[in-house]
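Descriptive structure summary
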Amino acid sequence: MTDSSSRVFFPTLMSPLNSIELHWGSAPLAILIDQHHSTILPSAFESDSGGGASCLTSMRLLRSIELHWSSAPLVILVETSLSTTFPSAFIRDLSSTIELDRAALELRPPGDSDRSTSLNSLAVSLRDRFEQRGVLFDLDEAIGLHRAALELRSPDHPRRDESLNNLAISLGNGFGQRSVLNDLYEAIELHQAALELRPPGHSDRDDSLNNLAVSLGDRYEQRGVLSDLDKAIELHQAALELRPPGNLCRSASLSNLAMSLGDRFEQRGVLSDLDEAIELNRAALGLCPPGHSLRSASLNNLSKTLQARFEQLGILPDLNESIELDRAALELRPPGHLDRSDSLNNLAINLASRFKQRGVLSDLDEAIEFHRAALELCPPGHSFRSRYLNNLAICLQERFEQLGLSPDLDESFRLYLQLSEVSHAVSLSDLVTVKSWVTHAERLHHGSALTAYQTTLSFLDQHVAALSSSSRHFDVIRETTSSLAMDVLSYCVRHGSFATAVELVEQGRAVFWTQLARFRTPLDELFVSGDTGAALAAEFQQLSFRLRAVLDVPAEDQSPQIRQLTMQWNDVISRIRTLPSFSRFLLPPLFPDLQKAAEDGPVIIVNASKYSCDALIITSARDPIHVPLYITQLEVSELSSEFQSLAESFGSSDHQLQLYEIISILRKLWDDVVGPVVQVLRELIHPGSRIWWCPTAEFTLLPLHAAGPYEKKIQNVSQFYISSYTPTLATLIRARQQLSRDASMQRFVAIGKANPDKGKELRCVAPELAVAQRLAPVVSFTSLEDSDATVQRAFDALRHNQWIHLACHGVPNRKHPFESSFAMRDEPLTIKEIIRSHWQNPEFAFLSACHTTVGDASNPDEVIHLAATMQFSGFRSVIGSMWSVDDEVARQIASAFYDNLVDGSGRLDCKRAAAALHKAVKSLRKKIPLEQQIRRWTRNGSRAEEVMWYFIALNYPAFHHRTYLAEMCGVYKGTRKRRQTQVDEAREMPERMHADMTIVNLEQLTINIVIPENPLGFQTIAVQHLLATLERQTACSPVIACYHFDIWRLQGVLKQLSAATCGGTESGTHVSWKQSSNSKYWTESNNCGKNAVA
C-alpha cells in the first residue's frame, strides 16, 4: 500500500512593511512585519483549521485590506498560515474578501501602475477559496489572473519574482487535481526563474528553494527519476540552513526535508535516510504545539516515516505510535479540509498493517471504511486517486480471503477496471497500481487479467514517452518494465491467444530502443501519400531532428524547449493519424504487421516467465505455433548464471573441465528448449534454411544457436539451420526497410586500435584490417588504425561509410550499460555518444571487439549493449561478440567471412552475412577448437582463449566418445552452485571442487576421470559415487583409468579408496591408474573383495 505526506509551499508577501496597528471595532490588532518576515501573529491566527506554514511568507491564504494613507489607497497583503482562519470579526467570509479584491482591481484599470498588485491579490484569494471548497473554476481564474500579473511585470520589475512564484504554486495545485504534466513542468520552470531572481542574501530565497524542491519532489513521484529527488533534497537542505532555530518557517523545512529523505529510503533502502527523516519529523512536530497551523501536517508526516520503519524492521511500537498520530491528525482535518484524504488513507494503511499483525477483523473493516472515504475525496484525474484505489482494492481482497465474501472481490476488480479509462498523464504511482492489478488478477485467476496487462502496457508506453528517450532516464525504464512482457506472453499462451501474445510481448520489450526508433521511423509511404502527407512527413522529420538534438543535453535551461518541442511533436503525430492508412502511426504494431519479420524465415520467440516457459514460432503465412518448454524460469536463470560464470573464467582454469561444462549446458538447452523447437521446424522448413531467435529474459544470455545433443551421428541445431538473433520483431522489420539509397560505390571503413591505454595489446589487429582491405577492388575502402583511431575521426568515418569493421577492445559496463564503449585512442566511444549520432544509410557492422553483446545485468530484455546500439542506430546487420577470442582466430574468421560476403555481381550484400559467417566457421572447424566455435566473440590480447559467435551456430562433428557429466553421479547434478552445495553437505570442502567423468568406450566400461588440484576427500567421493552408479547400471565391474595425478597424491587416493571400499567381498574389481604429463606408465592392482579398489 502507498501512503501520502503533506508538503508546504510558500507564497510571496509584498515588499517589506513597517509595523502597522489596525483597529477593527474596539479591538486593536497588531501585525509586525519586518524585512526578514519574522512575523509574530496573534494567537488567534494560529488555530489549526488546516495544515501549512506558520510564517508570513509561507502562507497561502492572503487577505487584502484597503487603507487610505495620505489620501492614497494602499493595499496591504496580510498572509497567514496555510488554511489559517482569521477571526470571524476580522473577515467573516472569504467570498467577501474576493469581492473587495475585485473592487480594488476595478479601481486599477489597464495602464495603472499598481494593477499587477490587485491582479495578484485577487488571484491568491481565489486560490484560497479553491483550497477551501475545491471548485476548479476558482483555480482556473486564479491562474489566468496570475498570468496577467506576470505579463505586467517585465524582467526588470522589482516584484517579478513574486508573480513567478505565485503562478507556479497555482499551476502546481492544478497538476494535483488534473495530472496535466505540462502544468507541473511549467511550475518547475517558473520556480527556477524565481530562484534566479532571489540570489544568496535575498530575503525570500528560502521560499523559492523550498518551493522548487517541493515541485521537483512532485515530478519525482510522477516520473520516478532519482535525480529529481536528489536535487529536491539538496534544495530542502539549503532552505533549512536559511531558517535557523527561532525562524517561524523552520518546522515546514524540517518536515519537507524529512519527507524527501523518506522517499529516497523507499527507493534505495538506506536505513540512515529513514532514521534521519524520523528525527527531522519529531523536531518539526516539537515546533508545532497544539493549536499550531502546521501541527496536522507534522503529525501526518511523522506517522508516515514511523510506518515505513515498521514495515522495514517490524517494530510494533512504531506501528502503534503511527496509528495514534494518524488519529490525531485526522481530528485536525475535519470534513472539507484539503488534506483530509491523506489522513484517511494513512490511517487506513496502518490499521490494515495492524490487522496482519493481530488478526482482529475490526481493524480491517475500519481500514476499508477509511479507504473508501479517502477515495471519494479524490475524483478522477486527481494525482492520488490511483494509489488510494489500489489500497482499497487490496484491503477488499484481504477481507475476501478471510471471509470468502464474493462482493468484496467483485468490488476490488471493479475499482481496478476504472484504470482502463484513465485519460490523464500517467504517473509512477499509476504504473504501480496497474501492476498490482496484474499481480492480483493472476493470483486469483480473475478474468480481468488480460485487460490488466493491456492497461499496464499502455500506461508503460505513455510513461516512458513522457520521460523522453534519454539515457538519463533508463533507470526508470528498467524499474518499470521488470518481467511484464514475459508474464503477459505466458498469460496469453496459457489462454490460447498466440497472436495477442506476440503483440504484447513486442510492446513490452526493448522499450528504450522502441522510443528512440520513433524519431527515425521510415516516412517513405507518408511522403508519397499526397500533399498533406508529404507536408506532415517533413514537419515530423524536422521536429524529430530538433527534439533529438536537445533530449540528451542535461542543462536545466533546455526544459522549456524540450516541453515545447514535445507538444509540437505529439501534435503532428495526432494529425498524421487522421490520414487514411495512417491511423496506427507510431502505435504498437498488430500481429499482421509483426508477421512481416518472418518473410525470410521463421522467428522463434523463446520466453521465460515465472508462470511458464514457452516458444512461439512466427511464420509468414500462419498463426503463431506454440511449443511448450519443460523447463522453469528458475532453471533458466541457474543455467544462464552458470554459463556467465564459465564465460568469465575461461582461460583461468582447467580447459578440458570447462569444455565439459559447456557441453552439459548445450545439452540441457537442446533437451529442454531448442530440441522441441527444431522438431516442429523440421515440418515447416528445409534444412539449411535461415531462422531467427528472439529470446527474452535470461534466454538472452544463452547460446541457443549452439544447442545440441553432441552425440555421434546426431546433429546439433547448427547442422539443421543457419541461426541469427533479433532483439525484437520490429527491429528486424526496420532493418529490412532501411534499404541503401546509394546504388553506386559502396563505402567501407576499417577501424583498429591495437595498443589501448588500458588493456592488453592486440597483436593481430593490423593483419585483420589487412584482411578487410582485400575488399578494396569492390568498395571504396578507408582504414583508421592506432593513432588515427580517435572518437571524432571514427564518427566522421561512420557518417560517410555504410560498412564498418571495428577491431579493438570492447569495454562493457553491466551496472551502467550506456557507459559501455569501444576503446579508441583518445577516449572511449560510448553507447550514449553513439545513440546521439545520425548516420546515412548504414548497412553492416562487424564488431571484432570485446563484450559487444554484454548488456545490463538486471534487465537483459532492454538489450542495452554495443551490438544492439549499432543495430538500432540503423545498421541492417551486425556481428557482435560476448567475450575473449584469440587474435589469430579473429583474423582467420574475418578472412573466411569476407570471402563469402561478395555476391555474384561483385557487390557486398549484408543479407548474406549470416550464411557467410556460418560457412566461415564451418570451413575452419578443424583449425578452431570447439569452444571457440560456439562462444560469442571477445578479444583479449595474444592469449588463445575461447570464442563464441553471436549470429551462427557451431558446425562441429560429433564427439567420438560420449560425455557424461551430471548424469553419471548424483553429486554433480544441477548448476555449479548446486553441485557445490551438495558436495559441501557430504564433506566440508573448500570452494570450487569439480570432477567430471567421460566414458571413452561404454562397452568396455573404460572411464577417464579428470580431477584438477582438489582435496583427496572429494576424489574419494567422486570415485565412490561413480563406481556405485556404474555397477547399478551395468551389473559388472568397471575398469578405470585416471589421469592428472602425481605419484604421491595417487598413492594417497589409493589408500583412501582401499580403506573406504575393502570389505570382505567375493569377487574383485580391477582399476588401472595412469600417470600423465609424459611420465612413465604406472599400474597397481589389489584384490580385497567385490568392492575392493586399488
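Residues numbered from 1 in each chain as written. Predicted model: local features only at pLDDT ≥ 70, side-chain atom pairs only at ≥ 80, totals over all residues. Heavy atoms only, no water.

For the chain, the helix and strand inventory stands at 38 helices and 22 strands. In the chain, buried positions account for 59% of the 1094 residues. Across the chain, every contact between residues at least 6 apart in sequence was considered, and the portion connecting residues at least 24 apart equals 70%. Accessible surface for the chain amounts to roughly 43600 Å². Of this, 51% is attributable to carbon and sulfur atoms. (Helix = DSSP H or I, 4+ residues; strand = E, 2+ residues; numbered from the N terminus. Buried < 20%, exposed > 50% of the residue type's maximum accessible area, 1.4 Å probe, protein only. Contact = heavy atoms within 4.5 Å. Areas by Shrake-Rupley, 256 points an atom, 1.4 Å probe, with all protein chains shown as cover.)

What follows deals with the packing of helix α12 (residues 340-358) against helix α14 (residues 385-403). Running from N to C, α12 and α14 point in directions that differ by 30°, and their axes come no closer than 11 Å. By the angle between their directions, the pair α12 and α14 is classed as roughly parallel. Note on packing geometry: the crossing formed by α12 with α14 is left-handed. Along its contact with α12, which presents Ser341, Asp342, Asn345, Ile349, Ala352, Phe355 and Lys356, the element α14 presents Tyr388, Asn391, Cys395, Glu398 and Gln402. Along the lines of polarity and charge, the residues of the contact of α12 with α14 split into five nonpolar, four polar and three charged. (Axes fitted to C-alpha atoms, helices over the stretch in contact; angles between N-to-C directions. Parallel < 35°, antiparallel > 145°, perpendicular 65-115°, else oblique. Left-handed = near helix turned anticlockwise from the far one by under 90°. Nonpolar A, V, L, I, M, F, W, Y, C, P; charged D, E, K, R; others polar.)

Next up on the list: the sheet that holds strand β12 (residues 803-808). Pairing is parallel in the open sheet, where five strands are placed in the order β11-β10-β12-β16-β17. Either end of the sheet is taken by a strand with one partner, and the two such strands are β11 (780-785) and β17 (877-879). Shown here is a sheet whose adjacent strand axes are inclined to one another by a mean of 10°, direction ignored. Pairing geometry for β12 and strand β16 (residues 844-849), over six bridges, is parallel. Across the sheet, residue Leu806 finds its bridge partner in β16, namely Leu847. (Pairing = 2+ DSSP bridges.)

All right, on to the sheet that holds strand β8 (residues 690-695) then. As a general point, the strands of a sheet are linked pairwise by backbone hydrogen bonds and lie either parallel or antiparallel. Taken in spatial order, the five strands of this open sheet run β7-β6-β5-β8-β9, and their pairing is mixed. The open sheet has two free edges, formed respectively by β7 (625-628) and β9 (722-725), since each of these has just one partner strand. Neighbour-to-neighbour, the strand axes of the sheet open up by a mean angle of 25°, direction not taken into account. Sheet topology places strand β5 (residues 603-608) next to strand β6 (residues 613-618); six bridges connect them, and they run antiparallel. By the bridge assignment for β6, Ile605 is matched with Leu616.

As a further point, take the confidence of the model for the chain. Looking at the chain, the pLDDT average stands at 76 and 72% of residues meet or exceed 70. The low-confidence segment residues 13-92 (pLDDT under 50) makes 195 contacts with residues lying over four places distant or belonging to another chain. (pLDDT = per-residue confidence, 0-100.)

The next point concerns helix α1 (residues 94-106). The α-helix advances 3.6 residues per turn, and as a result positions three or four apart in sequence lie on the same side. Helix length check: α1, at 13 residues, gives a terminal C-alpha distance of 19 Å against a target of 18 Å (1.5 Å per residue), a fit within 8%. Burial in α1 covers these residues: Leu94, Ser95, Thr97, Ile98, Asp101, Ala104 and Leu105. (Expected span 1.5 Å × (residues − 1).)

Summed over all chains, the structure comprises 18 aromatic pairs. Seen from their ring centres, Phe512 and Trp513 are 5.4 Å apart, and the 75° between their planes marks the pair as edge-to-face. Look at Phe512 and you get buried, because its relative accessible area is 0%. Between Phe844 and Phe897, the aromatic rings sit 5.7 Å apart at their centres with planes inclined by 20°, giving stacked as the arrangement. Taken together, the residues span a long stretch of sequence, with Phe844 in strand β16 and Phe897 in helix α33 (residues 887-899) at a distance of 53 residues. You can call Phe844 buried: its relative accessible area is 0%. (Phe/Tyr/Trp six-rings, centres within 6.5 Å; stacked < 30°, edge-to-face > 60°.)

All right, on to the pairing of β9 then. Of the two faces of β9, the one carrying Ile722 and Ser724 and the one carrying Ser723 and Tyr725 are both buried. As paired strands, β8 and β9 are joined by four bridges and run parallel to one another. Bridging across to β9, Ile691 finds its partner in Ser723.

With phi around 50°, Ala510 is a residue other than glycine that occupies positive phi space. Tracing the sequence through the fold places Ala510 in the loop between α20 (498-508) and α21 (511-517). Residues other than glycine seldom take positive phi values, yet Ala697 does so here, at roughly 50°. With respect to the helices, strands and loops of the structure, Ala697 is situated in the loop between β8 and β9. Residue Ala697 is classed as buried on the basis of its relative accessible area of 6%.

With that out of the way, let us pick up helix α4 (residues 160-178). Here α4 is 19 residues long and its end C-alpha atoms lie 27 Å apart, about the 27 Å a rise of 1.5 Å per residue gives. With 18 of its 19 residues buried, α4 lies for the most part within the structure. Just past α4, the residue Ser179 takes up positive phi, approximately 60°.

Where α14 meets helix α16 (residues 428-443), the closest approach of the two axes is 9 Å, and the angle between their N-to-C directions is 20°. Judged on the interaxial angle alone, α16 and α14 are roughly parallel. Crossing of α14 against α16: the hand is left-handed. Contact residues: Ser386, Arg387, Leu389, Asn390, Ile394, Gln397 and Glu401 in α14; Ser429, Asp430, Thr433, Ser436, His440 and Arg443 in α16.

As a further point, take the nonpolar core. Counting 146 residues, the largest nonpolar core has Trp513, Trp693, Phe822 and Met824 as its most contacted members. When residues of this core are assigned to their parent elements, the largest contribution, twelve residues, is made by helix α27 (residues 655-681). Core analysis: the second largest hydrophobic core is formed by 31 residues, Ala750, Ala772, Tyr898 and Leu901 among them. (Core = buried A, V, L, I, M, F, W, Y, C linked by side-chain atoms within 4.5 Å.)

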